[in-house]
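Residue-level structural notes
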Amino acid sequence: LHGTRDGCTLETTYLRLRPGQNPPAFEWVASKDLGKTSASNHFPNSEGIAFHNGKLSFVSKTKKKMFILDLDNMTYTEEKTGLKFRGKGSFNGQPDQVTDDPDSNYMYFTEEDGNGVGLYARHDKDGSYYTLFEDTGKRIGDETVGTATSPDGTKLYVGFQEAGELYVLERKDGGRF
């Protein structure tokens, strides 16, 4: 990928994970082949990228993992999504979309699963996952997509792909998500 914007030439580099280093590191390489090999080995079917609290995060659907890149130190961590699950619900499917609310300690995830779909939150401090909502009834086989927060953080928007429905969630206490 190459191009220009406002007269400035754009350069494309590719993510290459270096898991054998301590701590695990990453680099941006010009070689598309090295980038594709790294993606195939470590984060196939990646989706949902968000910049949150100084880190770049994305998920691998098939490996059911989230990767968190520390862009300042060029290191990364990875975790199985939904591993530290709190409360009711489950996160057993494939992680999909990732949404950031820059003014909160939460990131929001959608899930693609044959047994139900939902919207989940991950707390930054301890990596715990929580259910915001989960539908294990009429939406089985559908996909939760397109999460976004309102500018003031009091609304959370989410949609269902197959049904073509869009919802807005608001806390009863009027607080931020």
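Higher on the page you've got the structure.
These numbers were taken from a predicted model, which means no experiment stands behind them. Sequence positions are assigned chain by chain, starting from 1 and proceeding in written order. Residues qualify for local features only when their pLDDT is at least 70, as the model is predicted, and side-chain atom pairs are given and counted only at 80 or more; totals for whole chains, interfaces and linings, by contrast, use all residues. Derived side-chain values reflect all non-hydrogen atoms in the structure, with water molecules and hydrogen atoms excluded from consideration.

**Points about the overall build of the chain**
Put simply, the test is: Only runs of H or I of at least four residues qualify as helices and only runs of E of at least two qualify as strands under DSSP, and these elements are numbered from the N terminus. Both definitions apply: the radius of gyration is a C-alpha atom measure, and the globule rule equals 2.2 Å times residues to the power 0.38. A simple rule labels every residue: compare its accessible area, found with a 1.4 Å probe on the protein chains alone, to the largest value its type can have, and call it buried under 20%, exposed over 50%, or partly exposed in between. Whether two residues are in contact is decided by their heavy atoms: any pair within 4.5 Å suffices. Charge counting follows a simple rule: Lys and Arg are positive, Asp and Glu are negative, and His as well as the terminal groups are ignored. We put the charge of a Lys on NZ, of an Arg on CZ, of an Asp on CG and of a Glu on CD.
Helix and strand counts for the chain come out as one helix and 15 strands. Expected size for 177 residues packed as a compact globule is a radius of gyration near 16 Å; at 17 Å, the chain falls within 12% of this value. When burial is assessed residue by residue, the chain has 40% of its 177 residues classed as buried. Of the contacts made within the chain by residues no fewer than 6 positions apart, 37% connect residues no fewer than 24 positions apart. Charged side chains of the chain number 22 positive and 27 negative; the gap between the two group centres comes to 4 Å.

**Topic: the sheet that holds strand β12 (residues 129-135)**
Selection criterion: Two strands pair if DSSP finds at least two bridges between them. To obtain an axis, a line is fitted to C-alpha atoms, over the contacting stretch when the element is a helix, and the angle between two such axes runs from 0 to 180 degrees between their N-to-C directions.
Reading across from one edge, β9-β10-β11-β12 is the order of the four strands in this open sheet, with antiparallel pairing throughout. Each edge of the open sheet carries a strand with a single partner, namely β9 (94-100) and β12. Ignoring which end each strand starts from, the neighbouring axes of this sheet average 25° apart.

**Observations concerning unusual backbone geometry**
Between Asn22 and Pro23 the backbone carries a cis peptide bond, its omega angle lying at 0°. A positive phi angle, near 50°, is found at Asn53, a position not held by glycine. Within the fold, Asn53 resides in the loop between β5 (46-52) and β6 (55-60). Notably, Lys64 is not glycine yet its phi reads approximately 55°, a positive angle. Summarising the element assignment, Lys64 is placed in the loop between β6 and β7 (65-70). Since its relative accessible area comes to 27%, Lys64 is described here as partly exposed.

**Describing a nonpolar patch on the surface**
Spelled out, the test is: Here, patches come from residues exposed beyond 30% relative accessible area and free of salt bridges, joined within 9 Å for like charges and within 5 Å for nonpolar side chains (Val, Leu, Ile, Met, Phe, Trp, Tyr). Residue-level accessible areas treat just the shown protein chains as cover; the underlying method is Shrake-Rupley with a 1.4 Å probe. The term salt bridge refers to a side-chain nitrogen of Lys or Arg lying within 4 Å of a carboxyl oxygen of Asp or Glu.
A surface patch of nonpolar side chains, about 290 Å² in accessible area, is lined by Trp28, Phe51 and Leu71. Following the sequence through the fold, Leu71 ends up in the loop between β7 and β8 (75-80).

**Some points on the sheet that holds strand β14 (residues 155-160)**
Adjacent strands of a sheet form backbone hydrogen bonds with each other and so pair up, either parallel or antiparallel. With antiparallel pairing, the three strands of this open sheet are ordered in space as β13-β14-β15. Whereas interior strands pair on both sides, the edge strands pair on one side only; in this sheet they are β13 (144-149) and β15 (165-170). Taken pair by pair, the neighbouring strands of this sheet meet at an average axis angle of 20°, ignoring direction. Inspection of the sheet shows β13 paired to β14 by four bridges, in the antiparallel sense. Counterpart to Thr144 in the pairing with β14 is Phe160.

**A closer look at the packing of aromatic side chains**
We apply this condition: Centres within 6.5 Å make a pair out of two Phe, Tyr or Trp rings, where for Trp the six-membered ring is used; the pair is then stacked when the planes are under 30 degrees apart, edge-to-face when over 60, and tilted otherwise.
Taken as a whole, this structure holds nine aromatic pairs when the rule is applied. Note on Phe160 and Tyr167: the rings are 5.7 Å apart at their centroids and 85° apart in plane angle, and the pair reads as edge-to-face. Through a chain of ring-to-ring contacts, three or more aromatic side chains come together here, namely Phe43, Phe58, Phe67 and Tyr76.

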